[in-house]
Structure formats: structure tokens, C-alpha cells
Amino acid sequence: TQLLEQSPQFLSIQEGENLTVYCNSSSVFSSLQWYRQEPGEGPVLLVTVVTGGEVKKLKRLTFQFGDARKDSSLHITAAQPGDTGLYLCAGVPHAGGTSYGKLTFGQGTILTVHP
Amino acid sequence: GAGVSQTPSNKVTEKGKYVELRCDPISGHTALYWYRQSLGQGPEFLIYFQGTGAADDSGLPNDRFFAVRPEGSVSTLKIQRTERGDSAVYLCASSPAGRVNNEQFFGPGTRLTVL
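A few points on the structure.

## Some remarks on the interface of chain B and chain A
Next up, step 1: The interface of chain B with chain A comprises 23 residues on the first partner and 25 residues on the second.
Next up, step 2: For the pair chain B and chain A, the summed buried area comes to about 1,800 Å², and 52% of that belongs to carbon and sulfur atoms.
Next up, step 3: One can count one salt bridge joining chain B with chain A.
Next up, step 4: In this structure, the connection of chain B to chain A is made through six residue pairs in polar contact (both at pLDDT 80 or more).
Next up, step 5: Of all the elements in the fold, those that place two or more residues in the side of chain B that touches chain A are strand 4 (31-37), strand 5 (44-50) and strand 6 (53-56) of chain B.
Next up, step 6: Within the side of chain B that touches chain A, the residues separate by chemical class into ten nonpolar, ten polar and three charged.

What follows is the structure, given as C-alpha cells:
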């Protein structure tokens, strides 16, 4: 079983602060995806990183895939109350076969940004 | 356009009963996934369909759980002899094709409560 350890589990910060969420594994993943989930809704994809060392930016969000494709991070600059939500990392196992797209999720990080 | 829909949104049942959860994927999406999300956790993979066939059912916890997708579109997750531990949000996701890094579009989920 390929596990993803996500940290921290909870994060409560003030508007304008920066934060980083980490996603780590001992296993290699074909790709890592980051999702955001609101209460009562399904996860919504933010980004997919595929290449080791890849960095992607989405406005104030920066995503990085580790060189060995075993870990990833999400950095938010100048957080806003609208960033509040559950952030999930998810990896596609590097196993091939017929399990294409099968996602292994981390436990999630509940982010609260106070105005 | 219409996203992934799931019915019912909430289901309360008694221990030992049978339940069916329905997923309507995005039209034209050939890949369909079921996940289960317990409170405070990330989603956990249950089963993956490519067309009508279950390509990977390795996540189904036991033989009380079964899923079908007879015409390659709508899918039904069936749970027999429900137990209190089955209480969770059941998420369905679809994807244009079962390629490794395809984005999965999630429905809002069905919240199942077993009393």
C-alpha cells in the first residue's frame, strides 16, 4: 500500500500570512495532484505535477513535486479568508497495469484563515 | 455543463439493511471511480470502472460491497447488511479516459449514516 502523509493536519492563521502544507511518502508516484474540498462538496482539482522537481504556480499558490517524485508541497502566499478549506494531496501510484488514475489521498489539511 | 451528480445526497439506514447509492458521471466520461471518505480523513479508493467493466476493485473492503455500471454510464454502489462502520461520505468521480494523469471530476457525495 502506498501511503501519503500530509502535514499539518490543522492550520489556523491570520489573513496575510504565508503557509506551507507538506505531502510525503516512501513510495514513488507517477504524479501528484492537489485538491481543495469545501464542506458538502467533492474535491476540486487545483493542479497536477508530473515531473520530478516540477514547480507550478496558480496565483498565490505554489506547488512543488520532489525530485524523486515521493513528496510534494503547497505554499500559499498572503493567505486570504477565501482560501479556507480542506486541502488534499493525492498521488497516482507508480504501478502501471490497469490501475490508471486510481488516487491515493493524504489525510488532508484543514486550513482556516481568519480576517 | 452538468457535473457529476450523486443521489441521494443523504441516506440514513439501520444496521443490517441494504442500500444503493447512485452516480451519474459527466456525459462521455468512460472512467468512473468510487471513493469513501470518513470524517477527518482523505478519500479512500474503492473501485474503478473503465466502460462497463470493473478494472480495479481492490479497494472494496469486503464482499458486502458491490458496484455495477451496466451501460457504461450510470453506476450504482450497493452495500448489503450495512454496519455502523460503513457510515461515511461516498464520493463518485469520472474522467474522460482512464489515463494516468487525467483529472477526476468529483460529485458532491452521498452521506451514509448507519444507525
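From this point, the narrative continues.
## A short note on the pattern of salt bridges
Next up, step 1: If you walk through the whole model with that rule in mind, you get eight salt bridges over all chains.
Next up, step 2: When the shortest N-O distance is used, the salt bridge between K56 of chain A and E54 of chain A registers 3.8 Å.
Next up, step 3: When the shortest N-O distance is used, the salt bridge between E83 of chain B and R64 of chain B registers 3.5 Å. Of the two residues, E83 of chain B sits in the loop between strand 8 (75-79) and strand 9 (88-95) while R64 of chain B sits in the loop between strand 6 and strand 7 (65-68), which places them 19 residues apart along the sequence.
Next up, step 4: We classify E83 of chain B as partly exposed; its relative accessible area is 39%.
Next up, step 5: What makes R64 of chain B buried here is its relative accessible area of 6%.
Next up, step 6: Through salt bridges with shared partners, a single ionic network connects R64, E83 and D86 of chain B.

The rules behind these values
Residue numbers run consecutively from 1 along every chain, following the written order of its sequence. Naming scheme: in the order in which they are written, chains are lettered from A and ligands are numbered from 1. Side-chain atom pairs in this predicted model are given and counted only at pLDDT of 80 or more, local residue features only at pLDDT of at least 70, and totals for whole chains, interfaces and linings cover all residues. Excluded from the side-chain calculations are hydrogens and water; all other atoms, namely the structure's heavy atoms, are used. Only heavy atoms enter the contact rule, under which two residues are in contact if any of them lie within 4.5 Å. Summed over both partners, the accessible area lost on bringing two parts together, with a 1.4 Å probe, is the buried area. Here a salt bridge means any side-chain nitrogen of Lys or Arg lying within 4 Å of a carboxyl oxygen belonging to Asp or Glu. For the purposes of these results, a polar contact is taken to be a pair of N or O atoms within 3.5 Å, where, inside protein, one atom must be able to donate a hydrogen and its partner to accept one; residues adjacent in sequence count only when each atom of the pair is a side-chain atom. Under the DSSP-based scheme used, a helix requires at least four consecutive residues in state H or I and a strand at least two consecutive residues in state E, with every element numbered from the N terminus. Polar here means any residue outside two lists: the nonpolar Ala, Val, Leu, Ile, Met, Phe, Trp, Tyr, Cys and Pro, and the charged Asp, Glu, Lys and Arg; Gly therefore counts as polar. Partly exposed residues are those whose accessible area sits between 20% and 50% of the maximum for their type, while under 20% is buried and over 50% is exposed, using a 1.4 Å probe and protein chains only.

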